[in-house]
Amino acid sequence: MNIADPLLSLRDLKSYLRTPRGLVRAVDGVTLDLAAGRTLGLVGESGCGKSVLARSILGLLPDAILQKAGGEIRFGGRDLRRSTEAELRKVRGREIAMIFQDPMTSLNPVLKVGPQIEQALRLHLGLRRTEARERAVDLLDQVGIPAARQRAVSYPHELSGGMRQRVMIAIALACDPKLLIADEPTTALDVTVQAQILDLLQEQQARRGMALILITHNLGVVAGMADEVAVMYAGRIVEHGPTAALLADPRMPYTAALLRSAPRLSDPPHTRLEAITGRPPVLVDPPAGCRFAPRCARSREDCRREPPEIEEAGTGRRFACWHPLELAHA
Amino acid sequence: MTLSVAERERIKVVGPRRRWGDLLVALPAAWLGVAVLAAVFAPLLPIPDPFRQALLRTLQPPSAVHLLGTDALGRDVFARSVLGLRVSLVVGIGSVVFGLGIGGTLGLVAGYFRGRTDLWISAVMTVILSFPPLVLAIAIMSYAGPSLALVIVALGILFVPAFARIARANTLSLAEREFVLAARAMGMRDLGILMQEVLPNLVAPLIAYSMLMVAVAIIGEAALSFLGLSVPPPQPTLGGMIAAERANLLEAPWAVFGPALFLFLTILSLNVAGDQVQRRLDQREAAL
Amino acid sequence: MRDEVRPAHLRGDRADIVLSVHNLTKTFGTPSGAQVQAVAGVSFDIAAGETLGLVGESGCGKTTVGRALIHLPPPSSGEVVLEGRPMSGLSAAELRALRPRLQMVFQDPISSLNPKHSIADIVEAPLVVLGGIDRRRRQEQVREMLTAVGLDPDIVWNRRPHELSGGQCQRVSIARALILRPRLLICDEPVSSLDVSVQAQILNLLEDAKQRFGLTMLFVAHDLAVVKNISDRVAVMYLGRICEIAPSAQLYGRAAHPYTAALLASVPDPAPQAKRRIGRAIEGEIPSPLDPPSGCRFRTRCPKAAPVCAADEPVLRPIGPDHFVACHFPNL
Amino acid sequence: MLRKALHQTGSLAGILLAVSLITFLLMNLAPGDPALAILGETATVESIAALRGQLGLDLPMLQRYLNWLGDVLTGDLGQSFRANEPVLGAILDRFPVTLELLIGAQVVALGLALPVGIYTAYRARGPADRLSLSVALALISTPPFLIGIVLIYFFALKLGVLPATGYVPLSESLAGNLRTMTLPILTLGLFEFPLYMRLLRSDMIQTLQQNFISLARAIGLPPWRILIGHALRPSSFSLITVVGINMGRLIGGAVIVEVLFGLPGIGQLLVDGIYQREYLVVQGVVLFVGVFFVLINFVVDFLYGVLDPRVRVDAVRR
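Every value quoted in this text rests on a predicted model; they were computed, and no experiment measured them.

> Explain the overall build of chain A to me, please; I cannot follow it from the model alone.
Counting its secondary structure elements, chain A contains 11 helices and 12 strands. Computed over C-alpha atoms, the radius of gyration of chain A comes to 20 Å, within 12% of the 20 Å expected from 2.2 N^0.38 for 330 residues, which places it in the range of a compact globule. Taking the principal axes of its C-alpha atoms as reference, chain A extends roughly 65 × 50 × 40 Å. Taken across its 330 residues, chain A has 60% of its residues classed as buried. Expressed as a percentage of contacts within chain A between residues at least 6 apart in sequence, the contacts between residues at least 24 apart total 65%. As displayed, chain A offers around 12,600 Å² of accessible surface, 49% of which is attributable to carbon and sulfur atoms. Across chain A, 44 positive and 38 negative side-chain charges occur, with their mean positions spaced 4 Å apart.

Take a look at the structure:
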């Protein structure tokens, strides 16, 4: 991992949210570096804070909800946490773009798709209406939408889910961002369409040389896409490393359990799954020590007392565990 | 494809602080409690006789004897307002119960059985809704003559479509829920499903809505009595008192604003309490 | 069932067939007046103790098949034979009498439980509807069944569904379905709205319940890995039709239909060595069921499509033991 | 599209027929003899019989309805006895006053509700939001005649800047007309404003939580462009429907306001008709108002389709 000059670097990032149930520590001390052009897979179950982390980077959490925002978000020589709303607006869509999970609700239902792409172009690149229109058609073409010129005057509800997700990608790519954050971009799609969208993301990333943060709950998706993987649990990153090494040799028991609990195509039928008992903690009142300890087969007394810090463990790997699994394939 | 369960449990923005919210329920509830008690026990209250005229003591300003002064015929405004409030509450609650009973049942049936039943019920509702509500009430009252029961029915008819709509919409979405399908899959009959599975889920939204509708009904009664189309004299009504005394607005504002205050506080209390109940229901709904 | 029209893949000769479905179709009217065939002539059977997986992408008709089996709503045409008794033409009362024999677990664990009822009431309800059991016996059975699905009766007894997690709600759903001791359990996407770690718990529970209660199962899902894990045989659906049906190991090992192969190639696998190759995805999206392609319904996206595919609709034919495929050019 | 238009026209005709039937039945099923009611207690038996014949009261109900409907369709709503003029003429004479009141009130209500609704949704739970919600709640809790009386008390009686009653036609003097119409329009506008504002605010708040708003923010659009360009239109659908439906509530309010301010509109005509037992006038006004209201909602339905592309496309597909 090239830590010398990262594109994005998070230092002890904290986002606490105000909710009816109390203060939720959705992101609670995340430190992470991402180099230009690399792909990071951010993996975790629902409620682990991965989407809040993504929205925090762009400052998209409403003030009404975000109770406490701590840490640093270094990007292009600035700290986005300390930037004004006006400064952030110049970064959003221009340098960091984002794709959301649900293509059905993420496009404005009353606007045609062409104009929805044009607005980013006109806002950030100052293009005139006719230029922007041409560029929008070109972008629709690039993301694999057939008959792009006709589709540009369609409304979102006239397109299929896969097509809408392509439109979202076109909007995100419009200003050639340096970083693309894709929050569960294929979760709502059928598996054959998911494969198409992943192909498209990979192809566009390679062509534009942008960095990609791919947020997903599906370890299979990151296996094929990411250079490195960060596993999140209960608001923290518990393990981080190069994809192949991490998947082959998870050190943190949660990573290992996550890998074993999902059924695989390569296993024979009726293979007994190793389920993780219990459920993730409520982040209003997280456990004192390691947050995975109550569900962990390897936990001992010290795990429940003191939270482990995430530490370097050689060859670009980091994990947070007092009693890590041994390296099996080393 | 549906969103995951956890996705739906997505964090919601919080409402106003709890203490403030409690106060917003307590104060209106207190006023409504006092108003209902006063209306019920009006004859027993230590207040002047609301019907006694005193032509030498007309348009007296508020005093220890006459808390809200006297009107153009020298009658005690406070005592008459209490009696007027009695009419407002009886009509308000009565017409909403009428609308809730008929509209709620029709909506439930239409939403559950759909098809032709729904079509016919909806058609009838559309026709009722084709008249401006107050004009329909005025028309009914003008042809049939004023009486308490008739005011209740005339206003109650106006609420039938509203309750039918709410009951129907809720039933439609409930009937889509898989627990209704599960009940049918275990062999439960339609009546059982309606009473045991659907109805319990309708109670809360209909109750919250009812409180708001009582407020609307009281406004409707006030408008009718302002036009002289509600309960006939000598029974005082708040709207009638205001209409009669507005000629003396400058000299004796208390004779107008006294009953107006009763009217306003009662409607406001119903609206505030209804909003709070509604909000809590929504929050509970969101937490599900 | 008449022999001359029985499709080859129906095992009419076996005595232990619990459910047999023959030429099931379900047509829906759209608001615009057009007719959509959500299920267009589907046949399959399930033997005692067997789990049949029904897999396909959204809109393929798999959920409609499940619902048509419990007759909610009933199929437009076709025969459903449960334990030797045809279900078509039954009166409402006869159908109600049959319901305890087949039960269903639904996709959305929260929506499938009435928010106003306690967990105990929810699980007890089928026994109340069935009638003839006194209250104490019913409660005993509820207690037993809650324990069997891994819930502590003393803790959950008076709770409401919203006080439970999604996984726990799904356990309650399973308990409710099993308390009548059905012969056949239909599971409609029972784990698709759950997180992976919880998903594994529910899948394991279903396997255990199947052994303990001697269930026969129809498992409807879109996740190929999940279906493979739990099924003995798997049927793949596309646009309202079955395109391939075979024992799990056979189907996943030697997918004969190009669509099955494409589905399998699209599944992202977390095997460490598998760096995904670009270009394995098949093109296009599922056509509208309002206007399905002529001939083979998959031909518009099929890499092997030839003129014959547009002209003739392929029927399911055997290509190996218990392995049937509806394709003119199967991968052999 | 044509099919939908035909279907809608068909149901419109059906509704109008039902409206006419109910209007007719209201008068004819009411207890008491309309002839007696019209002529009063002092009428002779002969004059009552003569009037019954003239009104066609001795014919069977269906026959009478069809006769009446035929008259209505040819524009004959009958004669007003006291004023001795055609009922339709009386209605058409008074209608412009009511129309001015209604349009003015809608303009005031929407003119206030749009900016307040948008701003309070954007700054939900802020001080401005709390203040406007309290004001709205107070207005909702006030019957329309009471709003009017409060306005009269301050602006006419205390300050003396505007007249409390009276009407100057627009054709006579614009300034005079505005002076007499300001308080009535304001009364009705304030009666309607809180409904619109609360509806727009809550729909806006919901829209602002939508994913496509997140996307618009993620593109870097400034708040005002998100509010106006992205959030307003999807948030205004129910408002538009309600503006149509509430025309009915507003007409009811107009009756009260006309009586309160002594405006010679059709509300005043209706109430005078009731007081003077002019049943044909009452019937004519109820029918006229019902038809007017149905037509307004018919137009709103079409407007809705223009604004929401999803509905528009459905219509085309059908």
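> How do you make sense of the overall build of chain B when you look at a structure like this?
Assigned secondary structure in chain B consists of 10 helices and 0 strands. For chain B, the sequential pattern of α-helices and β-strands runs α-α-α-α-α-α-α-α-α-α. The principal-axis extent of the C-alpha atoms belonging to chain B is close to 80 × 50 × 30 Å. Taken over 288 residues, chain B has a buried fraction of 50%. Within chain B, contacts between residues at least 6 apart in sequence are counted, and of these 73% link residues at least 24 apart. A total accessible area of about 12,700 Å² is found for chain B, and carbon and sulfur atoms account for 67% of it. Charge separation in chain B, taken as the distance between the mean sites of 22 positive and 17 negative side-chain charges, equals 1 Å.

> How should I be thinking about the pattern of salt bridges in this particular structure?
If the charged atoms of two oppositely charged side chains come close together, the side chains can form a pair. Under the defined criterion, the tally for this structure stands at 41 salt bridges over all chains. Between aspartate 28 of chain A and arginine 291 of chain A there is a salt bridge, with the nearest N and O atoms lying 2.5 Å from each other. Within this pair, whereas aspartate 28 of chain A is found in strand β2 (residues 22–34), its partner arginine 291 of chain A is found in the loop between α10 (253–261) and α11 (301–305), the two being separated by 263 residues in sequence. Here aspartate 28 of chain A matches arginine 291 of chain A in class, with each residue buried. Glutamate 85 of chain A is the partner of arginine 92 of chain A in a salt bridge, and the nearest nitrogen-oxygen pair spans 3.1 Å. For arginine 92 of chain A, a relative accessible area of 1% gives the class buried. A relative accessible area of 36% places glutamate 85 of chain A in the partly exposed class. Overlapping salt bridges bring together Arg11, Asp45, Glu50 and Arg233 of chain C as one network.

> Help me out: how do you make sense of the interface of chain C and chain A in this one?
Bring the parts together and some accessible area is lost; that lost area is often taken as the interface size. Taken together, the contact pairs 49 residues of chain C with 49 residues of chain A. Of the roughly 3,900 Å² buried where chain C meets chain A, counting both sides, 53% is carbon and sulfur surface. Scanning the region where chain C abuts chain A turns up 1 salt bridge. The salt bridge partner of aspartate 208 of chain C is arginine 272 of chain A, with a shortest N-O separation of 2.9 Å. Broken down by secondary-structure element, the contributors of at least two residues to the side of chain C that touches chain A are α7 (196–213), α8 (224–230), α9 (248–253) and α10 (258–266) of chain C. Among the residues making up the side of chain C that touches chain A, the classes are represented as 21 nonpolar, 13 polar and 15 charged.

> How should I be thinking about the interface of chain C and chain B in this particular structure?
Facing 24 residues of chain C, the contacting portion of chain B comprises 22 residues. Roughly 2,600 Å² of surface becomes buried between chain C and chain B when both sides are summed, with 60% attributable to carbon and sulfur atoms. At the boundary of chain C with chain B, the tally comes to 1 salt bridge. Among the salt bridges present, the one from arginine 67 of chain C reaches glutamate 178 of chain B, with a minimum N-O distance of 3.4 Å. No other element matches the 3 residues that helix α3 (residues 119–130) of chain C contributes to the side of chain C that touches chain B. By residue class, the composition of the side of chain C that touches chain B is 10 nonpolar, 8 polar and 6 charged.

> What am I meant to see in the pairing of strand β7 (residues 179–183) of chain A here?
All names here are of chain A. With 5 of 5 residues buried, β7 is to be regarded as a mostly interior element. Burial of β7 is two-sided: the residues Leu179, Ile181 and Asp183 facing one way and the residues Leu180 and Ala182 facing the other way are all buried. Of the strand pairs in this sheet, strand β6 (residues 96–99) and β7 are connected by 4 bridges, and their pairing is parallel. Note on β7: the bridge partner recorded for alanine 97 is leucine 180.

> Hey, could you run me through the packing of aromatic side chains in this one?
For any pair of aromatic rings, the description rests on two quantities: the centre-to-centre distance and the angle between the ring planes. Going through the model one piece at a time under the given rule, you end up with 18 aromatic pairs over all chains. With a centroid separation of 5.3 Å and an interplanar angle of 55°, the aromatic rings of phenylalanine 24 of chain D and tyrosine 65 of chain D are classed as tilted. You can see phenylalanine 24 of chain D sitting in helix α1 (residues 2–29) and its partner tyrosine 65 of chain D sitting in helix α4 (residues 61–73), a full 41 residues away along the chain. Side by side, phenylalanine 24 of chain D and tyrosine 65 of chain D carry an identical accessibility label, which is buried. With a centroid separation of 5.4 Å and an interplanar angle of 80°, the aromatic rings of tyrosine 153 of chain D and phenylalanine 154 of chain D are classed as edge-to-face. The class of tyrosine 153 of chain D is buried, set by a relative accessible area of 12%. A relative accessible area of 43% places phenylalanine 154 of chain D in the partly exposed class. Put simply, the rings of Tyr233, Tyr254 and Phe292 of chain A pair up and form one aromatic cluster. Over the aromatic face of tyrosine 122 of chain D sits the side chain of arginine 123 of chain D, whose NZ or CZ is 4.5 Å from the ring centroid.

> What should I look at first to understand the environment of alanine 164 of chain B in this one?
Residue and element names in this part refer to chain B. The residue alanine 164 is located in helix α6 (residues 148–176) in this model. Distance from alanine 164 to serine 122, taken between C-alpha atoms, is 8.8 Å for residues 42 residues apart in sequence. The residues contacting alanine 164, other than those within four sequence positions of it, are Gly103, Gly104, Gly107 and Met125.

> Honestly, helix α7 (residues 144–158) of chain D in this entry has me stumped. Any pointers?
Helical geometry: 3.6 residues make up each α-helical turn, so side chains three or four residues apart lie on a common side. Residue and element names in this part refer to chain D. With 15 residues, α7 ought to run about 21 Å at 1.5 Å a step, and its terminal C-alpha atoms sit 20 Å apart, in line with that. At isoleucine 152, α7 shows its strongest bend, of approximately 30°. Burial in α7 covers these residues: Pro144, Phe145, Leu146, Ile147, Gly148, Ile149, Leu151, Ile152, Tyr153 and Ala156. Where α7 ends, the next residue or the one after it, glycine 160, has phi of about 65°, a positive value.

> Hey, could you run me through the sheet that holds strand β5 (residues 85–86) of chain C in this one?
Backbone hydrogen bonds hold the strands of a sheet together, and the pairing may be parallel or antiparallel. All names here are of chain C. Read across the sheet, 4 strands follow the order β2-β1-β4-β5 without closing on themselves; strand pairing throughout is antiparallel. Only two strands of the sheet have a single partner each, and these edge strands are β2 (35–47) and β5. Of the strand pairs in this sheet, strand β1 (residues 17–29) and strand β4 (residues 77–82) are connected by 5 bridges, and their pairing is antiparallel. From the neighbouring strand, histidine 22 faces β4, where its bridge partner is glutamate 79.

> In this structure, what is going on with the sheet that holds strand β1 (residues 8–19) of chain A? I would like to understand it.
All names here are of chain A. Strand order in the open sheet formed by 4 strands is β2-β1-β4-β5, with antiparallel pairing between adjacent strands. Of all strands in the sheet, those with a lone pairing partner are β2 and β5 (78–79), marking the two edges. Where β1 and β2 come together, 10 bridges link them in antiparallel fashion. When the sheet's bridge partners are listed, leucine 8 is paired in β2 with leucine 34. Packing of helix α1 (residues 50–57) onto the sheet brings it into contact with β1, β2 and β4 (66–75), and relative to β1 it is tilted by some 115°.

About the cut-offs
Residues numbered from 1 in each chain as written. Chains lettered and ligands numbered in written order. Predicted model: local features only at pLDDT ≥ 70, side-chain atom pairs only at ≥ 80, totals over all residues. Heavy atoms only, no water. Helix = DSSP H or I, 4+ residues; strand = E, 2+ residues; numbered from the N terminus. Rg over C-alpha atoms; globule rule 2.2 N^0.38 Å. Buried < 20%, exposed > 50% of the residue type's maximum accessible area, 1.4 Å probe, protein only. Contact = heavy atoms within 4.5 Å. Areas by Shrake-Rupley, 256 points an atom, 1.4 Å probe, with all protein chains shown as cover. Lys, Arg positive; Asp, Glu negative; His and termini not counted. Charge placed at Lys NZ, Arg CZ, Asp CG, Glu CD. Salt bridge = Lys/Arg side-chain N within 4 Å of Asp/Glu carboxyl O. Buried area = accessible area lost by both parts, 1.4 Å probe. Nonpolar A, V, L, I, M, F, W, Y, C, P; charged D, E, K, R; others polar. Pairing = 2+ DSSP bridges. Phe/Tyr/Trp six-rings, centres within 6.5 Å; stacked < 30°, edge-to-face > 60°. Lys NZ or Arg CZ within 6 Å of the ring centre and 35° of its normal. Expected span 1.5 Å × (residues − 1). Bend = angle between axes of the 7 residues up to and from the residue. Axes fitted to C-alpha atoms, helices over the stretch in contact; angles between N-to-C directions.

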